[in-house]
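Chain by chain, the residues:
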Amino acid sequence: MRLRFEEGTLVLRDYCDQEVPSPFVWDARVDLYRAQAHFYRDAIAFFRARDIAVDNAAPRYRTLDLSLGQTPALHPHQRESLDAWEQHQRRGIVVLPTGAGKSLVALHVLQSVQRSALVVVPTIDLMNQWYDLLTQSFSCPIGLLGGGYHELADLTVSTYDSAYMHMERYGNRFGLLVYDEVHHLPGEMYSHSAEMSIAPYRLGLTATPEPSDGRHVLLDALVGPIAYEKGIRPLSGEYLSEYRIERRQVDMVAEERVAYEAARQTYREFLEEKNIRMGTKNGWRRFVQLSSTSSAGRRAMLAYRTHRQLALGTTAKLRVLEDILKSHPRDRVLVFANDNQTVYQIARQFLVPAITHQTRTKERKHILEKFNRGDYLALVTSKVLNEGVNMPEANVAVVLSGSATIREHVQRLGRILRRRQGKRAILYEVISSNTVEERMSERRGRHEAYNAQSEDERAS
């Protein structure tokens, strides 16, 4: 019996009535047993346990001789996470805050496994950062897959998009997969990159493991369970910057309040008429579906967007932002808003550079370099800097608006937590009183990074 890799799947040829692993099903189109490629490790274990001889030609990855160059010594939490991943049979997820050294853990995993490896990242910026890191750490060629590059090597960095597009061809070329920001993987398209790979060893890295749609349960099968987790609070002060969170509530001006209440009433009446409960699993989906079927529904959707926009971008918030910027004249300040319109308004009003998804790559790189050098002391953005950007000098974050997800706000907090001598970070959360934002803030406050206070903070 021969085991082969074909177009992102495993097939058994020359089947001779032996027992086959349960993931394999009969493919009547070609008269062969077939399984998703990610069952490769289970299949090999099955055959070995039953002493079934198999001609295994599926893997094309190589055993390497990687040696790390000069890298910092592992901190205790990094050593613990590496040991925990090893104990989970070299499969699983390491959950550590931004700035806690997840990439150093991955470098040691690469050296430990010594197999051809693919590092998968969500953005071009992160792809470039990983390319630089691997080039500095190992004396071997580093491949790139994505961003206009199609160069494979024993160590390759790919975007999630490119990994999904090409894994049916290259799914047997790598024995180790490293998924950075692994919470992106359970997406309906991205998950195929893990399903179409035979890699027996898998590492996921993230600061915020749970997607809001519940698909995170797929990670156990695609990468492995959470092997190690440590939050922001236990690491702050020694391995992350000390920080505090300050909430500032503002009142809408009278005209905004009138418009807010009118819009809110319009969409709430539609929800009641259609018996839609927004807090339930399918509430938002039903609202979107029904809002497109009538003029009343379209008015309700417009009212919903209007009431949220008013809550998230009030005039009073900009006055608070001005006060905050004045109180931090020499600090490095990141300002986060929920939409590009507000970002550009802030950029014009306060004469600070802006980065959105519309910002071209070279301009974005130029702005970030100037911010890190201190040529720019403030920077305003929407969602594109939530993750995957190294800004070690940033020490103040102002969240003017955002989504209701805890993940987004933990990511934004993480932007200012990279440790340096004497640094103490502060995050300002600016909230419109008596609006939907208060409930969103209360939800975020349940996270340990927002809610827990150290003894020193309580004493002060």
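Predicted, not measured: the structure shown is a model, and the values here were computed from it.

**Q** Would you mind going over the nonpolar core with me for this structure?
**A** Residues Leu110, Trp130, Leu134, Leu176 and Ile416 are the most contacted members of the largest nonpolar core, which totals 61 residues. Element by element, the count of residues in this core is highest for helix α3 (residues 102–113), at 6 residues.

**Q** I'm lost on helix α1 (residues 40–49) in this one. Help?
**A** Quick reminder: α-helices carry 3.6 residues per turn. Residues three or four places apart thus point the same way. Those residues of α1 that fall on the buried side of the exposure criterion are Tyr40, Ala43, Ile44, Phe46 and Phe47. Down the axis, α1 shows its buried residues gathered within 160° of arc, on one side only. Counted as exposed and oriented over 90 degrees from the buried face of α1: Arg48 and Ala49. Tucked inside the fold, the buried residues of α1 contact β1 (2–6), β2 (9–13) and β5 (55–56). Directly beyond the C-terminal end of α1, a positive phi value near 55° is found at Asp51.

**Q** Sorry if this is basic, but what is going on with the pattern of salt bridges here?
**A** Close approach of charged atoms lets side chains of opposite charge pair. Summed over all chains, the structure comprises 23 salt bridges. The salt bridge partner of Arg248 is Glu246, with a shortest N-O separation of 2.8 Å. A salt bridge links Glu408 to Arg412, with the nearest nitrogen and oxygen atoms 3.7 Å apart. Separated by 4 residues within a single helix, Glu408 and Arg412 lie in helix α15 (residues 406–414), roughly one turn from each other.

**Q** What should I look at first to understand the packing of helix α2 (residues 76–87) against α3 in this one?
**A** Packed helices, taken two at a time, are described by their axes: the angle between them and the distance between them. In the contact formed by α2 and α3, the axes pass within 10 Å of each other and the chain directions differ by 40°. For the element pair α2 / α3, the angle class is oblique. As α2 runs across α3, the sense of the crossing is right-handed. Here Gln78, Ser81, Leu82, Trp85 and Glu86 of α2 come into contact with α3, specifically with Leu104, Val105, His108, Val109, Ser112 and Val113. Its residues assigned to classes, the contact of α2 with α3 shows 6 nonpolar, 4 polar and 1 charged.

Reading the values: the criteria
- Residues numbered from 1 in each chain as written.
- Predicted model: local features only at pLDDT ≥ 70, side-chain atom pairs only at ≥ 80, totals over all residues.
- Heavy atoms only, no water.
- Core = buried A, V, L, I, M, F, W, Y, C linked by side-chain atoms within 4.5 Å.
- Buried < 20%, exposed > 50% of the residue type's maximum accessible area, 1.4 Å probe, protein only.
- Helix = DSSP H or I, 4+ residues; strand = E, 2+ residues; numbered from the N terminus.
- Arc of directions from axis to C-beta.
- Contact = heavy atoms within 4.5 Å.
- Salt bridge = Lys/Arg side-chain N within 4 Å of Asp/Glu carboxyl O.
- Axes fitted to C-alpha atoms, helices over the stretch in contact; angles between N-to-C directions.
- Parallel < 35°, antiparallel > 145°, perpendicular 65-115°, else oblique.
- Left-handed = near helix turned anticlockwise from the far one by under 90°.
- Nonpolar A, V, L, I, M, F, W, Y, C, P; charged D, E, K, R; others polar.

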